[in-house]
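Coordinate inspection notes
Here's the letter readout for the chains.
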Amino acid sequence: MVIRDCVTCNSTWDGLTCWPPTSAGRVVHMACFPELRGIPYDTTENATKLCQLNGTWARKADYSHCRPVDTNSSVDGNSRHWEQHLENAKLLQDIGHAISLFCLVFAFALFAYLKSIRCTRNNIHWNLVATFILRNTSWFITQEVLTVETVRDNSWYCRAVVTLNNYFTSTNFFWMFVEGLYLHIMVADAFNSERFNLGVYAMVGWCVPVPIIVAWVLVKVLVQDEGCWVGSNYYDYIIHGPIILILLVNFIILGNVVRILVLKLRANPENPENAHYSSPSPGGSTSPRRASYRLRFSIKAAKATVVLLPLLGITYVLFMVHPSGQGTSRLVFIYFNSFFQSLQGTFVSIIYCFTNAEIRNAVKRRIHLSRCRQQDFV
């Protein structure tokens, strides 16, 4: 027979608070969480949870005393200043995702309307835009669904929203990988760029993430079915691991693509498609013409890098290390991360659609045909 005094509840994480091992029949008091969805909470208040007599935790913790911090209350100036920055970053994320979603929907409509531009390359762009739309939409839904109450209750719809958001995030990264792979094939061997049809790329972009998400869901259900499946822990590396691998592969692809472009630009700065190399000036002297060539070469190489950087998701690599504390580095990280993460869909829309000469020419042809038809009708 087990003595009741020896019965304890094991430590557990409910998505908001880590509850320590506790003797049966005791109520644990823990400080409220400092932040939720970018909103600061008052840590001077406590949340409570009961360790029942049978050695199991009560299904719900009491977070009724955990309330957002009132920025107008009597808190010290430094805390108020930091809380204002967090609110600004949250507002920046909301605005950035809204702008991205508007641009992405418009770009998606153009890809759908302009049937004359349909090819493997543009279809890949189209699918990438679709994943960004789904990811941005699920981000807004998640922000509305994830509240203290839903995380505490571990409701089914909350877990479903988190699961869908993780799936759309994974498909987004896998289509970034498809973009990088196709770009590498185009640059390295343009004559064999159609070696894979769109179906193969679609399998990679839409289907490969499915078993990854299913494995993550099974682990969460069997091992850690609490807190709406939010909060960072090592189980999440089932999803993060493949994403990190994709980022590393895209980083290698970017380096190789830039290397190939540099070789082509050196071969002939006026026509990168020519394979022969330009001959150096006699005696190796640096003539004004050669200096001008080096300048043009540097500008073109820089443009290639800047254009490719947001498209392949490398910007995410820059923010994988999170500065700690409340110093300047942490503040810079929060603003830059909010800016680049929320507006990447806008960058993709601009580079792949709005500045795409093929799409712009197709739009001009449509407008010209529409005007001609109106004149013929008159």
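Residues numbered from 1 in each chain as written. Predicted model: local features only at pLDDT ≥ 70, side-chain atom pairs only at ≥ 80, totals over all residues. Heavy atoms only, no water.

Let us now look at the packing of aromatic side chains. Tallied over the entire structure, the rule returns 13 aromatic pairs. With centroids separated by 5.6 Å and ring planes inclined at 55 degrees, the aromatic side chains of F108 and W126 adopt a geometry described as tilted. Of the two residues, F108 sits in helix α1 (residues 77-113) while W126 sits in helix α2 (residues 120-145), which places them 18 residues apart along the sequence. Ring centres of Y167 and F168 lie 5.6 Å apart, and the angle between their planes is 55 degrees; on these two criteria the pair is classed as tilted. Judged by relative accessible area, which is 17%, Y167 ranks as buried. Three or more aromatic residues joined by ring pairs make a cluster, and in this case those are F336, F339, F340 and F347. (Phe/Tyr/Trp six-rings, centres within 6.5 Å; stacked < 30°, edge-to-face > 60°. Helix = DSSP H or I, 4+ residues; strand = E, 2+ residues; numbered from the N terminus. Buried < 20%, exposed > 50% of the residue type's maximum accessible area, 1.4 Å probe, protein only.)

With that out of the way, let us pick up the nonpolar core. Formed by 58 residues in total, the largest nonpolar core has its most connected members in F33 and Y63. Of all the elements in the fold, those that place two or more residues in this core are α1, α2, α3 (148-153), α4 (156-188), α6 (209-223), α7 (237-267), α9 (328-354) and α10 (357-377). A total of 12 residues in this core trace back to one element, the largest contributor, which is α4. Formed by five residues, the second largest nonpolar core is a distinct cluster that contains W82, L86, A89 and I334. (Core = buried A, V, L, I, M, F, W, Y, C linked by side-chain atoms within 4.5 Å.)

Below, the discussion takes up α6. With 15 residues, α6 should reach 21 Å at 1.5 Å per residue; the first-to-last C-alpha distance of 21 Å fits that figure. Residues P209, I212, I213, W216 and K220 constitute the buried set of α6. The arc that holds every buried residue of α6, seen down its axis, measures 95 degrees, which confines them to one face. Residues of α6 that are exposed and point over 90 degrees away from its buried face: P211 and L222. (Expected span 1.5 Å × (residues − 1). Arc of directions from axis to C-beta.)

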